Amino acid sequence: NRQVRLARRPVGRPDESTWSITTEPIPEPGDGEFTVRVEYLSLDPAMRGWLNDVRSYVPPVGIGEVMRAHAVGRVHASNNDRFPVGAAVSGLFGACEYAVSDGTDATVIDTDLAPGPTWLGALGFPGMTAYFGLTDVGRMKPGDTVLISGAAGAVGSIAGQIATLSGCRVIGIAGGPEKCAWLTDELGFDVAIDHRAGTIGRALHAVAPHGVDVYFDNVGGDILNSALAALRTHARVVLCGAISGYNATDPQPGPSRYLSLLVNRASMAGFIVFDYADRFPEAHAALSNWIRRGDLVAREQVETGGIEAFGRTLNMLFDGANTGKLVLRVAED
Ligand code: NDP
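Residues numbered from 1 in each chain as written. Predicted model: local features only at pLDDT ≥ 70, side-chain atom pairs only at ≥ 80, totals over all residues.

Draft legend 1. Up close: the packing of helix α2 (residues 125-137) against helix α8 (residues 280-293). Between α2 and α8, the least distance of the axes is 10 Å, while the angle of their chain directions is 100°. With respect to α8, the axis of α2 lies roughly perpendicular. Counting all contacts with α2, which are made through Gly127, Met128, Tyr131 and Phe132, the residues of α8 involved are Phe280, Ala283, Ala286 and Leu287. Partitioning the contact of α2 with α8 into residue classes produces 7 nonpolar, 1 polar and no charged. (Axes fitted to C-alpha atoms, helices over the stretch in contact; angles between N-to-C directions. Helix = DSSP H or I, 4+ residues; strand = E, 2+ residues; numbered from the N terminus. Parallel < 35°, antiparallel > 145°, perpendicular 65-115°, else oblique. Contact = placed C-beta atoms within 7 Å. Nonpolar A, V, L, I, M, F, W, Y, C, P; charged D, E, K, R; others polar.)

In structure tokens, the structure reads:
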């Protein structure tokens with residue numbers, strides 16, 4: 001039973017020195033607890049923020065602690081009737097091979113509806129984030145033009161499809177021709193712009209000359225700035241994330257185009273998906289219906305290499321080396 005622990009707080013991009021691997025006996029569950037054998041770990045851009053010793057929406061991971069991570073697995077031993085041996089479960093089990101849980105933040109999942117990795121993607125927090133970010137924070141309505149950055153990633157790919165299914169015109173921004181082709185050919189995006197092919201301002205103006213009603217921002221930086229210049233009156237900017245700056249060592253300059261919010265009487269609001277916990281069943285019902293009907297493509301990129309591959313796999317997010325939800329297969333059977 002091996003664990004990934006935070007060895008050293010990274011400055012800039014995490015590297016090998018950030019992590020250490022430890023080995024412990026498989027833990028026994030106490031009263032009301034169960035032991036889970038972790039099968040898949042979720043890799044999330046937010047993990048980079050959890051490594052910084054700063055005040056945020058969750059405390060930082062401590063030096064020497066097992067890295068915080070969402071995961072899915074199977075109950076291996078149990079003293080909790082809600083989580084019987086053999087049940088498939090998801091939860092905040094950490095970057096390890098076996099974990100003990102008292103059931104807090106854990107749920108039994110239905111792997112007949114979708115395989116384990118999908119419960120870390122479309123049916124997990126990325127799906128919830130896309131759903132509430134668009135419907136609630138973005139107040140998306142049919143006929144809107146919706147622009148999404150990080151569009152071929154876990155959150156963005158689901159957000160774009162929800163917008164399409166809701167009768168919006170959807171423009172995605174992603175890195176590289178393969179990702180862009182996937183968005184338009186398989187996910188139903190109306191247009192895709194490759195941000196690696198050059199600055200996106202002109203391309204955006206060409207495809208949305210009248211501007212956008214909702215901008216769902218996953219990346220921040222220059223792309224956010226270009227998107228601000230493309231807002232329509234009463235547009236909503238959904239501040240979901242800003243991955244382009246997560247490894248920066250200096251504060252990032254603010255968007256010079258922010259006065260577009262004033263001119264267009266637009267708004268920009270941030271949110272944390274956990275704020276919507278009491279409404280997850282609503283999002284879950286919508287997303288699982290779309291999946292069952294075949295209307296929603298849930299794509300995961302499953303990396304192998306076990307727990308040792310954690311650090312390398314996490315960095316793939318910052319290189320744009322993933323399409324869809326990035327997960328790491330931990331269990332080797
Ligand atoms: P993704 O699957 O989208 O993976 C990250 C992607 O970001 C990469 O594949 C890459 O795609 C893109 N990217 C990386 N660096 C840059 C850069 N410098 N400029 C532009 N694009 C870049 O991750 P998630 O879907 O899990 O997360 C997306 C965003 O949502 C993150 O910012 C995350 O922090 C945020 N988030 C927020 C939540 C909330 O509650 N507010 C909850 C969950 C996630 P490409 O090749 O296309 O550039």
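Draft legend 2. A look at the environment of cysteine 96. The topology assignment puts cysteine 96 in the loop between β5 (88-91) and β6 (98-101). Through-space distance from the C-alpha of cysteine 96 to that of alanine 298 is 25 Å; in sequence the pair is 202 residues apart. Excluding residues that lie within four positions of it along the chain, cysteine 96 makes contacts with Asn1, Arg2, Gln3, Val4, Val38 and Val66.

Draft legend 3. Structural detail: the domain arrangement of the chain. Looking at the assigned domains, one finds that the chain contains domain 1 (2-120 + 298-329) and domain 2 (125-274). On a C-alpha basis, the centroid separation for the pair domain 1 and domain 2 is 28 Å. Taken together, the contact between domain 1 and domain 2 spans 16 residues of the former and 15 residues of the latter. At the level of secondary structure, the elements contributing two or more residues to the side of domain 1 that touches domain 2 comprise α1 (46-50) and β15 (325-329). Grouping the amino acids of the side of domain 1 that touches domain 2 by side-chain chemistry returns 5 nonpolar, 7 polar and 4 charged. (Domains from an automatic or database assignment.)

Draft legend 4. Inspection of the site of the ligand at higher detail. Residues in close proximity to the ligand total 32 residues, the closest being Gly153, Gly175, Gly241, Ser244 and Gly320. Mapped by element, the contributors of at least two residues to the shell around the ligand are α2, α3 (154-165) and α9 (310-319). Both domains that meet at the shell around the ligand, namely domain 1 (2-120 + 298-329) and domain 2 (125-274), each give it at least three residues. (Near = placed C-beta within 6 Å.)

Draft legend 5. The arrangement of unusual backbone geometry in detail. For aspartate 105, which is not a glycine, the phi torsion comes out positive at approximately 60°. On the secondary structure map, aspartate 105 appears in the loop between β6 and β7 (106-108). For aspartate 105, a count of 13 C-beta atoms within 10 Å puts it in the partly exposed group. With a phi angle near 50°, arginine 265 is a residue other than glycine that sits in the positive phi range. Relative to the elements of secondary structure, arginine 265 occurs in the loop between α7 (259-263) and β13 (267-270). (Buried ≥ 20, exposed ≤ 12 C-beta atoms within 10 Å, placed from the backbone.)

Draft legend 6. Inspection of the nonpolar core at higher detail. Counting 96 residues, the largest nonpolar core has Leu41, Val146 and Tyr215 as its most contacted members. When residues of this core are assigned to domains, at least three map to each of domain 1 (2-120 + 298-329) and domain 2 (125-274). Excluding its chain neighbours within four sequence positions, the residues that come into contact with leucine 41 are Ala69, Ala71, Ala95, Val327, Leu328 and Val330. (Core = buried A, V, L, I, M, F, W, Y, C linked by C-beta atoms within 7 Å.)

Draft legend 7. Focus on the UniProt feature "domain: Enoyl reductase (ER)" (unreviewed entry) in the chain. Under the local residue numbering, the UniProt record ascribes the feature "domain: Enoyl reductase (ER)" (unreviewed entry) to residues 12-328. Segment residues 12-328 splits into 26% helix and 23% strand. End C-alpha atoms: 23 Å apart. (UniProt positions renumbered as here; feature names shortened; annotations may be inferred.)

Draft legend 8. Focus on the sheet that holds strand β11 (residues 212-217). The strand order β10-β9-β8-β11-β12-β13 describes an open sheet built from 6 strands, whose pairing is parallel. Each edge of the open sheet carries a strand with a single partner, namely β10 (191-194) and β13. Between one strand axis and the next, the sheet turns by 15° as a mean value, whatever way the strands run. Of the strand pairs in this sheet, strand β12 (residues 231-239) and β13 are connected by 4 bridges, and their pairing is parallel. In the sheet register, valine 238 faces β13, and the bridge partner there is alanine 269. Set on the sheet, α3 makes contact with β8 (145-148), β9 (169-174) and β11; between it and β9 the angle comes to about 165°. (Pairing = 2+ DSSP bridges.)

Draft legend 9. Spatial organisation of the pairing of β8. Burial along β8 is two-sided: the residues Thr145 and Leu147 and Val146 and Ile148 are all buried. Taken together, the 4 bridges between β8 and β9 define a ladder with parallel strand orientation. Counterpart to isoleucine 148 in the pairing with β9 is glycine 172. Of the crossover connections in this fold, the one passing from β8 over α3 to the parallel β9 is right-handed. The sheet contact formed by β8 and β11 spans 3 bridges and is parallel. Its bridge partner lying in β11, valine 146 is registered against valine 214. (Right-handed = clockwise from strand over helix to strand, strands pointing away.)

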